[in-house]
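# Summary of the model geometry
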Amino acid sequence: MTMAEAEIAAASTTADNAAADPPTASASDLPSKPPPPSSADAATKNATPTAPAAAAASASTTTIEFEPPAACIRRLLKQALPKSTNVSKDSLAAISRASGIFVLYLTACANDVAREGRRTTIVAKDVLGALGELDFGEFVPLMEKFLDVHRREEKNKKEEKERVKRRAAAELEAKAAKGEETVGGDNGVRDGTTGQFLPKDGAGGSGG
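The structure reproduced in this document is the subject of the present report. This is a predicted model, so every value here is computed, not measured.

### Details of a negative patch on the surface
Judged by side-chain charge, D112, E116, E133, D135 and E138 come together as a negatively charged surface patch. Tracing the chain through its elements places D135 in the loop between α6 (124–133) and α7 (140–182). Judged by relative accessible area, D135 falls into the exposed class, the value being 66%.

### Some points on a nonpolar patch on the surface
A contiguous nonpolar patch, built from F66, F102, V103 and L104 and spanning about 290 Å² of accessible area, is present on the exposed surface. With respect to the helices and strands, F102 occurs in helix α5 (residues 89–116). Taking the relative accessible area as the measure of exposure, F102 reaches 32% and is therefore partly exposed.

### Examining α5
In this model, α5 (28 residues) spans 41 Å end to end at C-alpha, consistent with the 40 Å of a helix rising 1.5 Å per residue. Three or more residues of α5 are buried, namely L92, S96, G100, L106, C109, A110, V113 and A114. Each element contacted by the buried residues of α5 is listed here: α4 (70–80) and α6.

### Focus: the environment of L147
If you trace the backbone, L147 turns up in helix α7. A sequence separation of 23 residues divides L147 from A124, and the C-alpha atoms of the two residues are 8.2 Å apart.

### Quick word on the pattern of salt bridges
Using the criterion set out here, one finds three salt bridges in the structure. Residues D126 and R119 are paired through a salt bridge, measuring 2.7 Å at the closest nitrogen-oxygen approach. You can call D126 buried: its relative accessible area is 1%. A relative accessible area of 26% means that R119 is categorised as partly exposed. A salt bridge links E160 to R163, with the shortest nitrogen-to-oxygen separation between them at 2.5 Å. In this pair, E160 and R163 are both assigned in helix α7, three residues apart and thus about one turn of the helix distant.

### Quick look at unusual backbone geometry
In terms of backbone geometry, most residues other than glycine have negative phi values and most peptide bonds are trans. In the Ramachandran plot, R118 falls in the positive-phi region, its phi being about 60° despite a non-glycine side chain. On the secondary structure map, R118 appears in the loop between α5 and α6. Take R118: its relative accessible area is 79%, and that puts it in the exposed class. Phi is positive for D135, which is not a glycine, with a value near 65°.

### Here's the deal with the side chain of D126
Tracing the backbone shows D126 in helix α6. For D126, the side chain forms a polar contact with the side chain of R119, separated by 2.7 Å. A polar atom in the side chain of D126 sits 3.0 Å from the backbone nitrogen of V123.

### A closer look at the nonpolar core
Ranked by size, the top nonpolar core spans nine residues in total: L106, C109, A110, L128, A130, L131, L134, V140 and L147. Contributions of two or more residues to this core are made by α5, α6 and α7. Sequence-distant contacts of V140, that is, excluding residues within four places in its chain, are made with L128 and L131.

### Here's the deal with the packing of aromatic side chains
Within a pair of aromatic rings, the relevant descriptors are the distance that separates the centres and the angle that separates the planes. Within this structure, the stated rule accounts for two aromatic pairs. Ring geometry for F102 against F136: centres 5.4 Å apart, planes inclined by 80°, an arrangement best described as edge-to-face. Here F102, found in helix α5, pairs with F136, found in the loop between α6 and α7; they are 34 residues apart in sequence, far enough to count as distant. Relative to F139, the ring of F136 has its centre 6.1 Å away and its plane inclined at 40°; by these criteria the two rings are tilted.

Rules used throughout
Residues numbered from 1 in each chain as written. Predicted model: local features only at pLDDT ≥ 70, side-chain atom pairs only at ≥ 80, totals over all residues. Heavy atoms only, no water. Patch = residues over 30% accessible without salt bridge, like charges linked within 9 Å, V, L, I, M, F, W, Y side chains within 5 Å. Areas by Shrake-Rupley, 256 points an atom, 1.4 Å probe, with all protein chains shown as cover. Salt bridge = Lys/Arg side-chain N within 4 Å of Asp/Glu carboxyl O. Lys, Arg positive; Asp, Glu negative; His and termini not counted. Charge placed at Lys NZ, Arg CZ, Asp CG, Glu CD. Helix = DSSP H or I, 4+ residues; strand = E, 2+ residues; numbered from the N terminus. Buried < 20%, exposed > 50% of the residue type's maximum accessible area, 1.4 Å probe, protein only. Expected span 1.5 Å × (residues − 1). Contact = heavy atoms within 4.5 Å. Polar contact = N/O pair within 3.5 Å; in protein donor to acceptor, adjacent residues only side chain to side chain. Core = buried A, V, L, I, M, F, W, Y, C linked by side-chain atoms within 4.5 Å. Phe/Tyr/Trp six-rings, centres within 6.5 Å; stacked < 30°, edge-to-face > 60°.

What follows is the structure, given as structure tokens:
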């Protein structure tokens, strides 16, 4: 056997032994398993997708929307615009929403003015102050005139209601007094309040 044939035979024997006994990997060579997720990580993972939904729900519950009735807006536009001017439905809806936003904004500013005065009730002067804060000071004189007229009208309504109430009470008393004087007969005079007959003057003292 030549030297080349001996080297070939040795290489073949080594290959056969390697195929019969594959190398065994040690514990250090094996990849380590990732640790199981903790309960806190699992809770965070489950809570993350729902956070935007919760924020949206919270925002939807705190949003305040207000729109005056369309009939009121249409009446105001009819008074302010020329007769030849037409208003589309979209513009009417936009004006209605804008007026609602302005009302809410003015109310919030008037509330701030009231709090600066250490008051929890918004009064007319707070609204006038809010108009000035929002750069609508040119409307304050018009509002003051409106408030003067409004207060006089409210006072007149209250006084008229009191007069009607007193008049009704006086008429009721007059009817009761008239009933005591006219209704009666031999049995006496009828009481206008109870409806019972009362003895005439001197009728009860004659008996002897």
